[in-house]
Amino acid sequence: MTDSLEFTSRDVLRDRQNERLRETVRYSYENVPFYRATLDDADVDPDDVEEVDDLEALPFTTKEDFRAEYPDGLFAVDDVDVRRIHASSGTTGKPKIVAYTEADLDVWNEVMARSMDAAGIEPNDTVQNAYGYGLFTGGLGFHAGAEELGATVIPTSSGNTRRQVELARDLESDALCCTPSYALYVAETAEEMGVDPRDLPLSTVLYGAEPCTEPMREEIEERLDAVGIENYGLSELIGPGVAVECREAQNGMHVQEDHFYPEVVDPETGEPLPEGEEGELVLTSLSKEALPVLRYRTGDLTALTTDECECGRITTRMDSVTGRADDLLIVRGINLYPSQIEAVVLEFDDVAPHYRIDLYREGSMDRLEVTLELVEGFDGDRERLRERIADRLRNALSIDPDGLELVAYGALERTEVGKARRVYDRR
Ligand code: DLL
C-alpha cells in the first residue's frame, strides 16, 4: 500500500494518471483490434492523447461492445498470460467475461487492501466474507484484499445464513462483507435464532454490489450495531475495489484514481458534466493488462466531488449510485428510480427495509404497485399508515401507486445468494 498516492497531492496524482493513460491508450491500440478500429474510426491517434483532459476525444466502450466481442475479443494478452477469469452477474444475455494477468491480480489485491484499510479494518481483525465465491468478483476480490492486508479471512461465501450467524459469534468476526440486503437478512436470521444481532461482535459491514440508500445504511448500522462502509466496483474494470468510503467521513466513495479514471457524462448526450452534477459514470482503466478499458459506460448514475475529505485522502469521491441509467422506470410519463421510492418509504419508522415494485400494462396504461413490509410487531393503524405513505409518495415523487400494500414482516422473499431484486417490470 506504499505506492497508493492517496495521501499525496492532486498534482502528483494527475501526473501519474497522465503517464498511465498514455501507456494504456497506446497499449490498447496495439493489442486489441477493437480499440484500434474504434480509435481509427474516431480519427484519434494514440499519440495525441497526452493527458486525462484529452479523454473526451475518445469513443466510449459499452456493454454492447463486451457482448459483441464475447468471450475474449477485448483481451489484450495471450491465453498463456491470463491467470484468472471472472464474469459479470448480468441477468440478461451472455455474461461479460473478464480476465486478469498476474500484475492485474496484484493491482486488485492492492486496491482491495486499501479499501479495507479505508473501512477501518486492521491486520489483526477477522473478516467474514459472505460475498459469493465463484465467477462473481465479490468473493475472491474481498478474500484476497483481506489477506493482502494481513487480516484473517473466513470464506463463508453467501447463503447458509444461520451458519453465518454462528460463525460470526463463535469466531468473533470483526467485519462482515456482503450485499446490503444480505446484511439485513443476517440480522433477521440472528433474531430468529434468539441471538440479538447487536450482540454479534461485528464492528464493520463492508457492503456493496447493489444500491443502498442512506436510510438503508442506517438500518444496517442500527440492526447490527456496526459501521456500514460502502464499496463500489464492476467486473469490467476489475471487480470490487474501484471506490470505497472512508470510515472517518462515510461521505462518498474515494475512487482509486491511480488505477481507474472517473468521468460523469450526460446519459443522453454523452457530454462530460461538471463536478457535482449527476450523470452516468464512465471509467477508464489506467493499469490493466489483460483487459484494458477506455471510457467504459457503466450505466451507473452518480456525481463526483474533489472537495477535501476529513480523512486526508486526495482522491475524487463518488456519491452512492442512485440507480442505473437502465433502471429508470417511466411510469405514465414520470421518470422514477427505484431508489427514490426506497428513500421515501424508509423515512417511515413502521416500514421495514424490504419492498417490491411491480409494473404492469393495462391497455395503454401503466400500473404501478408497491408492496412494503411492516416492522416486526407492528400493531398500529395499517390504513392510516398506508394513507400517510401514499401522501408522501405523491408529494415527494408525484406518483400515485395504483396499489400500495402493507404486508406483515417477513412476507417478502429475501435474497440469500446474489443480488437482491426489487423491481418486476412486466410491461
Ligand atoms: O458487483 C462488484 C462488487 C462486488 C462491488 C462486491 C462491490 C462489492 P458486477 O457483478 O460486475 O460487480 O456488478 C457491477 O453492480 O455496475 C453497479 O450497477 C452495481 N454495483 C456495484 N457496487 C454498487 C454499489 C460487482 N455500491 C454492477 N451501489 C455495477 C450500487 C453497485 N450499485
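Residues numbered from 1 in each chain as written. Predicted model: local features only at pLDDT ≥ 70, side-chain atom pairs only at ≥ 80, totals over all residues. Heavy atoms only, no water.

1. What to know about the packing of aromatic side chains
Enumeration over the complete set of coordinates arrives at 6 aromatic pairs. Where Phe34 meets Tyr35, the ring centres are 5.0 Å apart and the plane angle is 75°; that geometry is what we call edge-to-face. Accessibility assignment for this pair places Phe34 and Tyr35 in one class, buried. An aromatic cluster of at least three residues, connected via ring pairs, comprises Tyr131, Phe136 and Phe142. Over the ring of Tyr409 we find Arg414; its NZ or CZ atom is 5.8 Å from the centre of that ring. (Phe/Tyr/Trp six-rings, centres within 6.5 Å; stacked < 30°, edge-to-face > 60°. Buried < 20%, exposed > 50% of the residue type's maximum accessible area, 1.4 Å probe, protein only. Lys NZ or Arg CZ within 6 Å of the ring centre and 35° of its normal.)

2. Concerning empty space enclosed by the protein
Enumeration over the complete set of coordinates arrives at 1 cavity of 30 Å³ or more. A volume near 50 Å³ is recorded for the largest cavity. Lining the largest cavity, in full, are Phe66, Glu69, Tyr70, Pro71, Gly73, Leu74, Phe75, Pro95, Lys96, Ile97 and Leu291. (1 Å grid on protein atoms, 1.4 Å probe; cavity = no way out; pocket = protein on both sides within 12 Å on 5 of 7 lines; lining within 4 Å. Points joined across faces, edges and corners; volume = space filled by probe spheres on them.)

3. A closer look at the domain arrangement of the protein
Along its sequence, the protein is organised into domain 1 (1–325) and domain 2 (328–425). Taken over C-alpha atoms, the centre of domain 1 sits 29 Å from the centre of domain 2. Contacts between the two partners involve 26 residues from domain 1, matched on the other side by 18 residues from domain 2. Of the roughly 1700 Å² buried between domain 1 and domain 2 on both sides combined, carbon and sulfur atoms contribute 52%. Across the domain 1-domain 2 interface, the total number found is 1 salt bridge. Counting residues per element, the ones that place at least two in the side of domain 1 that touches domain 2 are helix H7 (180–192), helix H8 (214–224) and strand S15 (323–324). Counting residues per element, the side of domain 1 that touches domain 2 draws most heavily on H7, at 6 residues. Partitioned by chemical class, the residues of the side of domain 1 that touches domain 2 number 10 nonpolar, 10 polar and 6 charged. (Domains from an automatic or database assignment. Contact = heavy atoms within 4.5 Å. Buried area = accessible area lost by both parts, 1.4 Å probe. Salt bridge = Lys/Arg side-chain N within 4 Å of Asp/Glu carboxyl O. Helix = DSSP H or I, 4+ residues; strand = E, 2+ residues; numbered from the N terminus. Nonpolar A, V, L, I, M, F, W, Y, C, P; charged D, E, K, R; others polar.)

4. A word on the pattern of salt bridges
All told, the structure shown has 34 salt bridges when counted by the stated rule. Here Glu362 and Arg367 are joined by a salt bridge, their closest N and O atoms 3.9 Å apart. On the basis of relative accessibility, which here comes to 24%, the residue Arg367 falls in the partly exposed class. One network of salt bridges, with partners in common, ties together Arg361, Asp366, Asp425 and Arg427.

5. Here we look at the nonpolar core
Membership of the largest hydrophobic core comes to 67 residues, with the highest contact counts inside it found for Tyr232 and Met318. Tallying contributions element by element places helix H4 (residues 102–118) first for this core, with 8 residues. Setting aside its immediate chain neighbours within four residues, Tyr232 contacts Pro240, Gly241, Val242, Ala243, Met253, Leu281, Leu283, Thr298, Asp300, Met318 and Val321. (Core = buried A, V, L, I, M, F, W, Y, C linked by side-chain atoms within 4.5 Å.)

6. Looking at a negative patch on the surface
A grouping of Asp40, Asp41, Asp43, Asp45, Asp48, Glu50, Glu51, Asp53, Glu56 and Glu271 is seen on the molecular surface, where their side chains present a negatively charged patch. Examined against the element boundaries, Glu51 turns out to sit in the loop between helix H2 (33–41) and helix H3 (63–68). Taking relative accessible area as the criterion, Glu51 reaches 35% and is therefore assigned partly exposed. (Patch = residues over 30% accessible without salt bridge, like charges linked within 9 Å, V, L, I, M, F, W, Y side chains within 5 Å. Areas by Shrake-Rupley, 256 points an atom, 1.4 Å probe, with all protein chains shown as cover. Lys, Arg positive; Asp, Glu negative; His and termini not counted. Charge placed at Lys NZ, Arg CZ, Asp CG, Glu CD.)

7. Topic: the packing of helix H1 (residues 10–31) against H2
Closest axis-to-axis distance for the H1/H2 pair is 5 Å, and the angle between their directions is 110°. Between H1 and H2, the interaxial angle falls into the category roughly perpendicular. Where H1 approaches H2, its residues Val25, Ser28, Tyr29, Glu30 and Asn31 are matched on the opposing element by Pro33, Tyr35, Arg36, Leu39 and Asp40. Per-class residue counts for the contact of H1 with H2 are 5 nonpolar, 2 polar and 3 charged. (Axes fitted to C-alpha atoms, helices over the stretch in contact; angles between N-to-C directions. Parallel < 35°, antiparallel > 145°, perpendicular 65-115°, else oblique.)

8. Observations concerning the sheet that holds strand S19 (residues 365–374)
The strand order S20-S19-S18-S21 describes an open sheet built from 4 strands, whose pairing is mixed. The sheet is open, and its two borders are formed by strand S20 (403–407) and strand S21 (423–425), each paired with just one other strand. With direction set aside, neighbouring strand axes in the sheet form an average angle of 15°. Of the pairings in the sheet, the one linking strand S18 (residues 351–362) to S21 comprises 3 bridges and is parallel in character. Bridge pairing in S21 links Leu359 to Asp425. Each of S18, S19 and S21 touches helix H9 (residues 338–345); the most contacted strand, S18, lies at about 135° to it. Sheet contacts for helix H10 (residues 382–397): S18, S19 and S20; angle to S20, the most-contacted strand, approximately 135°. (Pairing = 2+ DSSP bridges.)

9. Remarks on the sheet that holds strand S12 (residues 296–302)
With antiparallel pairing, the 4 strands of this open sheet are ordered in space as S10-S11-S12-S15. Edge positions in the open sheet fall to strand S10 (260–265) and S15, since each of these has one partner strand only. Pairing analysis gives 6 bridges linking S10 to strand S11 (residues 279–285), with the strands arranged antiparallel. Paired with Val264 across the strands is Leu281, a residue of S11.

10. Here we look at the pairing of S10
Among the 6 residues in S10, 6 count as buried, and that is most of the element. By the alternation rule, side chains of S10 split into Phe260, Pro262 and Val264 and Tyr261, Glu263 and Val265, which are all buried.

11. Regarding unusual backbone geometry
Most peptide bonds take the trans form, and the phi angle of most residues other than glycine is negative. In the segment running from Tyr70 into Pro71, the intervening peptide bond is cis, with an omega of -5°. Structurally, Pro71 is set in the loop between H3 and strand S1 (84–87). The backbone phi angle of Glu172 is positive, close to 55°, even though this residue is not glycine. Mapped onto the fold, Glu172 is located in the loop between helix H6 (161–170) and strand S5 (175–178). Positioned with a positive phi, Asp225 is a non-glycine residue whose angle comes to about 45°. For Asp225, the position within the fold is in the loop between H8 and strand S7 (227–234). For Asp225, a relative accessible area of 41% gives the class partly exposed.

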